[in-house]
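Listed here are the chains, written in short residue letters.
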Number of protein chains: 2
Amino acid sequence: MPNDNAVIAPQDCADCPIRHRAVCARCEADELDALEQIKYYRSFEAGQTVVWAGDRMDFVGSVVSGIATLTQAMEDGRTQMVGLLLPSDFVGRPGRDGAAYDVVATTDLVMCCFRKQPFEKMMVSTPHISHRLLEMTLDELDAAREWMLVLGRKTAREKIASLLSIVARRDATLKLDTVDGPLVFDLPLTREAMADYLGLTLETVSRQISALKRDGVIHLEGKRHVTVPDFSRLMEEAGDDSDGGMLA
Amino acid sequence: MPNDNAVIAPQDCADCPIRHRAVCARCEADELDALEQIKYYRSFEAGQTVVWAGDRMDFVGSVVSGIATLTQAMEDGRTQMVGLLLPSDFVGRPGRDGAAYDVVATTDLVMCCFRKQPFEKMMVSTPHISHRLLEMTLDELDAAREWMLVLGRKTAREKIASLLSIVARRDATLKLDTVDGPLVFDLPLTREAMADYLGLTLETVSRQISALKRDGVIHLEGKRHVTVPDFSRLMEEAGDDSDGGMLA
DNA sequence: CGCGTCTCTTGATCTGCATCAAAGCAGAAT
DNA sequence: ATTCTGCTTTGATGCAGATCAAGAGACGCG
């Protein structure tokens with residue numbers, strides 16, 4: 001329930017910066033009103049855990065700003081990141097009680113949440129919300145399976161290039177300036193988090209980033225600010241189709 | 001369209017051996033009738049490709065008997081299996097036109113298919129089918145993410161043990177004889193297919209299976225027939241929680 | 001300012017798995 | 001039987017990435 005000190009001032013759904021991809025994308029005015037009733041915003045500081053794997057999760061929602069990660073852990077401490085949540089991404093498992101993974105804010109984070117019980121009730125009466133959720137879940141499944149190829153078959157250098165191209169692409173679509181010029185963005189992850197995502201060690205991540213820089217595939221300003229002079233070159237390094245097209 | 005020579009004699013939905021997990025699990029009599037109208041069965045021989053990645057896929061359906069795999073490939077030939085379809089598993093992407101991965105029959109295979117267009121129409125009017133699909137998709141997502149941990153962080157020996165325990169568990173629940181005694185089953189995959197699933201080479205798979213046999217974790221009769229004397233030992237080898245519980 | 005903490009880089013060495021190579025084995029065809 | 005073919009095992013060697021170790025920047029704080 002929203003008796004949490006992380007709950008912050010409400011916003012209007014129409015103002016919601018992520019409305020174009022989120023649950024309410026196709027809602028009519030009266031449905032938006034209903035959603036308003038069960039909606040609240042929460043904010044988290046970098047490093048805070050949003051939910052622990054196995055905990056009861058009483059909401060679903062989307063990331064408004066900031067970055068969160070989904071992580072799985074083994075008892076001996078080995079961890080694997082299984083999802084990266086950027087603004088507009090959805091979190092939560094309608095119809096499931098517990099969280100399956102740790103959800104951690106890696107930067108300061110604002111989330112737009114819906115209380116789960118009433119949300120599920122709305123799903124029943126509002127079929128296009130169900131359909132939207134199925135669509136989003138299929139997207140996530142595609143992304144997870146694409147990542148299985150990265151984890152299982154790509155070299156360290158290809159892994160890094162794959163991650164950079166995903167972040168770059170997401171960043172570009174958010175900014176909606178799909179120019180063909182150089183892409184510029186800030187890495188939202190530490191070397192360690194990248195290693196967790198890629199199934200590598202942080203040393204290997206650092207070395208491969210240095211190598212990509214040395215070879216002119218990317219430029220670095222400081223440790224996080226990345227410039228990609230030629231995106232198709234990066235895609236090539238990632239071992240993906242060179243045509244840079246979004247996957248169907 | 002079902003003008004394929006692989007189409008085989010129709011069966012009644014009530015006889016469908018997989019009805020308990022399939023789409024029609026909660027359907028009323030009249031809904032089952034409607035499903036009957038758009039249903040057909042297809043059979044494939046071991047090695048046949050069911051659909052190619054990118055091809056138009058005009059059906060959704062479930063595996064009735066046999067095994068199929070979902071595989072992703074890079075241009076240079078490296079491949080990664082991203083899903084293993086056992087009897088009762090669902091295939092297809094409602095709302096999507098193309099197949100995202102190659103679907104290949106690794107044994108002789110029978111599938112229960114529904115024509116996609118009318119099936120999607122039914123989804124709109126029959127909400128519990130949508131809900132069932134969302135549930136199944138979430139299950140697949142969980143499985144894919146669990147597999148990301150296997151691919152990213154486990155050793156070769158742990159990978160093999162993980163695969164064996166998954167197959168053993170699925171086999172046991174199908175037979176519904178959840179005795180605590182030794183588990184016995186046949187490996188439905190070649191060493192090469194196992195390697196593809198696990199992100200290893202077939203030589204490493206073979207070596208690790210030999211090692212598990214040498215260490216008494218499993219017994220082998222021939223190349224495929226496996227006996228697991230102590231399932232919790234296998235789970236331990238897989239690096240999972242020892243309590244053998246299904247994940248929530 | 002110096003100090004501690006965090007993140008990142010780089011070097012040296014080790015090792016698990018890939019790669020290359022050669023047989024063994026079982027079922028099918030001749 | 002014999003040969004073929006597909007699957008599997010086992011051995012020898014090499015290498016990508018892990019591990020161990022040492023600093024280098026950047027930043028906040030007393």
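Here's a quick rundown of the structure. (Residues numbered from 1 in each chain as written. Chains lettered and ligands numbered in written order. Predicted model: local features only at pLDDT ≥ 70, side-chain atom pairs only at ≥ 80, totals over all residues. Heavy atoms only, no water.)

Quick word on the protein's contact with DNA strand C
Turning to step 1, where the next piece is worked out: Neighbouring residues of DNA strand C: 17 residues in total, closest R191, S206 and S210 of chain A together with A156 and T204 of chain B.
Turning to step 2, where the next piece is worked out: Sugar plus phosphate, as a fraction of atoms of DNA strand C within 4 Å of the protein: 63%.
Turning to step 3, where the next piece is worked out: Within the side chain of E203 of chain B, an N or O atom sits 3.1 Å from a base nitrogen of DNA strand C.
Turning to step 4, where the next piece is worked out: Mapped onto the surface near DNA strand C, the elements with two or more residues apiece are α6 (202-214) of chain A together with α6 (202-214) of chain B. (Near = heavy atom within 4 Å. Polar contact = N/O pair within 3.5 Å; in protein donor to acceptor, adjacent residues only side chain to side chain. Helix = DSSP H or I, 4+ residues; strand = E, 2+ residues; numbered from the N terminus.)

Let's talk about the interface of chain B and chain A
Turning to step 1, where the next piece is worked out: Listed per partner, the contact involves 47 residues of chain B and 47 residues of chain A.
Turning to step 2, where the next piece is worked out: For the pair chain B and chain A, the summed buried area comes to about 4300 Å², and 55% of that belongs to carbon and sulfur atoms.
Turning to step 3, where the next piece is worked out: If you sort the residues of chain B by the area they bury against chain A, R145, M148 and R153 of chain B come out on top, with a joint share of 19%.
Turning to step 4, where the next piece is worked out: Inspection of the region where chain B meets chain A yields twelve salt bridges. (Contact = heavy atoms within 4.5 Å. Buried area = accessible area lost by both parts, 1.4 Å probe. Salt bridge = Lys/Arg side-chain N within 4 Å of Asp/Glu carboxyl O.)

Some details on the pattern of salt bridges
Turning to step 1, where the next piece is worked out: On inspection of all chains with the given rule, the structure shows 34 salt bridges over all chains.
Turning to step 2, where the next piece is worked out: A salt bridge links D142 of chain B to R96 of chain A; the shortest N-O distance between them is 3.6 Å. A residue pair is termed interchain when its members come from two chains, as with D142 of chain B in helix α3 (residues 127-153) and R96 of chain A in the loop between β7 (90-91) and β8 (102-105). The pair D142 of chain B / R96 of chain A is uniform in exposure class, with both members buried.
Turning to step 3, where the next piece is worked out: Residues joined in a network through salt bridges with shared partners are R157, R214, D215, R233 and E237 of chain A. (Buried < 20%, exposed > 50% of the residue type's maximum accessible area, 1.4 Å probe, protein only.)

What about the protein's contact with DNA strand D?
Turning to step 1, where the next piece is worked out: Residues in close proximity to DNA strand D total 17 residues, the closest being A156 and T204 of chain A together with R191, S206 and S210 of chain B.
Turning to step 2, where the next piece is worked out: Those atoms of DNA strand D that come within 4 Å of the protein belong to sugar or phosphate at a rate of 63%.
Turning to step 3, where the next piece is worked out: One of the side-chain N or O atoms of T204 of chain A is found 2.4 Å from a phosphate oxygen in DNA strand D.
Turning to step 4, where the next piece is worked out: One nitrogen or oxygen atom from the side chain of S206 of chain B is found 2.8 Å from a phosphate oxygen belonging to DNA strand D.
Turning to step 5, where the next piece is worked out: Residue assignment for the surface near DNA strand D shows that the elements contributing at least two residues are α6 of chain A together with α6 of chain B.
Turning to step 6, where the next piece is worked out: Counting residues per element, the surface near DNA strand D draws most heavily on α6 of chain B, which supplies five residues.
Turning to step 7, where the next piece is worked out: When grouped by side-chain class, the residues that make up the surface near DNA strand D number three nonpolar, seven polar and seven charged. (Nonpolar A, V, L, I, M, F, W, Y, C, P; charged D, E, K, R; others polar.)

Overview of unusual backbone geometry
All names here are of chain A.
Turning to step 1, where the next piece is worked out: With a phi angle near 90°, S88 is a residue other than glycine that sits in the positive phi range.
Turning to step 2, where the next piece is worked out: Summarising the element assignment, S88 is placed in the loop between β6 (79-85) and β7.
Turning to step 3, where the next piece is worked out: Given the relative accessible area of 4%, S88 is considered buried.

Shape descriptors only; they carry no functional weight alone.
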